Amino acid sequence: MYLKKSLSAGVASPLNGLGKQDHESKRQRKLREIRQALNSSPIDVAALRRMAISEGGLLTDDIRSQVWPRLLNISTSELPAKPGKELRENNKDYQQVLLDVRRSLRRFPPGMPDEQREVLQEELIDIILYVLKRNPQLHYYQGYHDIVVTFLLVVGQSLATVLVEKLSTHHLRDFMDPTMDNTKHILNYLMPIIERVNPEVHDFLQSAEVGTIFALSWLITWFGHVLSDFRHVVRLYDFFLACHPLMPIYFAAVIVLYREHEVLDCECDMADVHHLLSQIPQDLPYETLISRAGDLFVQFPPSELAREAAQQYNQRWVKWKLWNDLCIKL
């Protein structure tokens, strides 16, 4: 991590004896393979993608600082200078960004001195405003800061700025439209994925009329807003940065599928099911779910699900229009 002590360094392995030695051996082997890929000429980006996706991800924040730019095809030779006060003057987004950043205390390491956190919060505001000012076609959304703060904590302000700008014009582009139409369309991939894997869970969710809004904050923050352990957040960022932009919705699907028994044991009621699903367990088997999400992406690619996602969108739009017309008449 960019801070003095890495937030996302691996925890001590619970393995003992030969098991611990094997774990450490695999880690050292992976570190060597990452260095080899970085030192290749040209840099072996395909190998770096494999390392980011495979078990353990990129292992340390120092490695992430080197690999994340490569995954996004970004040059780090010329990074932007620290912006001046004029960035905040007459900026239409400043007040909303300020409010959201002030509410983001839980996204910073527990025990961090207030002075250090406040400096980082100011840098977080500047990154967001810089990207928005340079890209007037982008529209700020609540939750965007949850993604930006992850990059800030891992790679520091200057590098985070260029990474976030590239991400905002590519992976996050649909979330930054003036309306939520494209975001809703991405959410509509969720149920078709679940249906392909477990029709029983899909039918239960449809009967409960729970919709997909429970997964909105998962998607638009890349799970940064809902996971309390920073190590899990950056592990997912390794995965998402190395994959197709729709991979977060596949990961959302595997979380729901993993909780199959909880879902089916729940009362088939919209409020109860929504409450259950919106509370993500913090002890998920992340590596297993990452592997499963990758498998489902290959098995059911977005191109195969696009028609069903569009149908879901149209059906929900018709229901909304009928309800809206009824409300107007009443």
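Topic: the overall build of the protein
Within the protein, the regular secondary structure consists of 17 helices and zero strands. Each of the 330 residues in the protein was classed as buried or not, and the buried ones make up 49%. When contacts within the protein are restricted to residue pairs at least 6 apart in sequence, long-range pairs at least 24 apart make up 77% of them. Entry remark: accessible area of the protein is about 17,000 Å², with carbon and sulfur atoms responsible for 52%.

Notes on unusual backbone geometry
A cis amide bond, omega 0°, links Ser41 with the succeeding residue Pro42. Relative to the helices and strands, Pro42 resides in the loop between helix 1 (17-39) and helix 2 (45-53). Even without being glycine, Asn90 reaches a positive phi, approximately 55°. In this structure, Asn90 sits in the loop between helix 3 (61-71) and helix 4 (94-102). Positive phi values are uncommon outside glycine, yet Trp222 reaches one of about 50°.

Looking at helix 2
Considered for burial, the residues of helix 2 that qualify are Ala47, Leu48, Met51 and Ala52. One side of helix 2 holds all its buried residues, which, seen down the axis, span an arc of 140°.

Here's the deal with the pattern of salt bridges
It is possible for side chains of opposite charge to pair when their charged atoms get near one another. Summed over all chains, the structure comprises 15 salt bridges. Its salt-bridge partner being Asp238, residue Arg64 comes within 2.9 Å of it at the nearest N-O pair. Taken as a pair, Arg64 in helix 3 and Asp238 in helix 12 (residues 230-241) lie far apart in primary sequence, 174 residues in all. Of the residues examined, Arg64 reaches a relative accessible area of 2% and is grouped as buried. Take Asp238: its relative accessible area is 0%, and that puts it in the buried class. A salt bridge links Asp93 to Lys92, with the nearest nitrogen and oxygen atoms 3.2 Å apart. Judged by its relative accessible area of 68%, Lys92 is exposed. One salt-bridge network, held together by shared partners, links Asp61, Arg64 and Asp238.

Here we look at the environment of Leu159
Topologically, Leu159 is positioned in helix 7 (residues 157-168). Spatially, the C-alpha atom of Leu159 lies 8.4 Å from that of Pro69, the residues being 90 residues apart in sequence. If near-sequence neighbours (up to four positions away) are discounted, Leu159 is found in contact with Ser65, Pro69, Thr76 and Leu79.

Concerning the confidence of the model for the protein
In this model, the protein carries a mean pLDDT of 90, and residues with pLDDT of at least 70 account for 89%. Residue range residues 320-324 is modelled with pLDDT below 50. Its contacts to residues more than four positions away, or to other chains, number zero contacts. Long-range and interchain partners of residues 326-330, a stretch whose pLDDT sits below 50, account for zero contacts in this model, where long-range means more than four residues apart.

Overview of the side chain of Gln157
Inspection of the secondary structure assignment puts Gln157 in helix 7. Residue classification places Gln157 among the buried positions, given a relative accessible area of 12%. When near neighbours in sequence (up to four residues on either side) are disregarded, Gln157 contacts Lys82, Pro83, Glu123, Asp126, Ile127 and Leu152.

Let's talk about the packing of aromatic side chains
Per the counting criterion, the structure on display carries 15 aromatic pairs. When the ring of Tyr140 is compared with that of Tyr144, the centres are 6.0 Å apart and the planes differ by 90°; the resulting orientation is edge-to-face. Tyr144 shares its class with Tyr140; the two are buried. Plain terms: the ring middles of Phe240 and Phe251 are 6.2 Å apart, the flat faces sit at 80° to each other, and that makes the pair edge-to-face. With Phe240 in helix 12 and Phe251 in helix 13 (residues 247-258), this pair connects stretches of sequence that are eleven residues apart. Phe251 sits in the buried class, given a relative accessible area of 0%. Through a chain of ring-to-ring contacts, three or more aromatic side chains come together here, namely Trp68, Phe151, Phe214, Trp218, Trp222, Phe223, Tyr237, Phe239, Phe240 and Phe251.

Concerning the packing of helix 5 (residues 114-134) against helix 6 (residues 144-155)
Remark: helix 5 packs on helix 6, axes separated minimally by 10 Å, with the N-to-C direction vectors making an angle of 115°. The two elements helix 5 and helix 6 cross, and the hand of that crossing is right-handed. When helix 5 is examined against helix 6, the residues Leu120, Glu123, Leu124, Ile127, Ile128 and Val131 are found in contact with a partner set consisting of Tyr144, His145, Val148, Val149, Leu152 and Leu153. Class assignment of the residues belonging to the contact of helix 5 with helix 6 gives a composition of ten nonpolar, one polar and one charged.

Structural notes on the nonpolar core
Ranked by internal contacts, the top residues of the largest apolar core, which has 112 residues, are Leu205, Phe223, Ile249 and Phe251. Here the element with the most residues in this core is helix 13; it accounts for ten residues.

The rules behind the values
- Residues numbered from 1 in each chain as written.
- Predicted model: local features only at pLDDT ≥ 70, side-chain atom pairs only at ≥ 80, totals over all residues.
- Heavy atoms only, no water.
- Helix = DSSP H or I, 4+ residues; strand = E, 2+ residues; numbered from the N terminus.
- Buried < 20%, exposed > 50% of the residue type's maximum accessible area, 1.4 Å probe, protein only.
- Contact = heavy atoms within 4.5 Å.
- Areas by Shrake-Rupley, 256 points an atom, 1.4 Å probe, with all protein chains shown as cover.
- Arc of directions from axis to C-beta.
- Salt bridge = Lys/Arg side-chain N within 4 Å of Asp/Glu carboxyl O.
- pLDDT = per-residue confidence, 0-100.
- Phe/Tyr/Trp six-rings, centres within 6.5 Å; stacked < 30°, edge-to-face > 60°.
- Axes fitted to C-alpha atoms, helices over the stretch in contact; angles between N-to-C directions.
- Left-handed = near helix turned anticlockwise from the far one by under 90°.
- Nonpolar A, V, L, I, M, F, W, Y, C, P; charged D, E, K, R; others polar.
- Core = buried A, V, L, I, M, F, W, Y, C linked by side-chain atoms within 4.5 Å.

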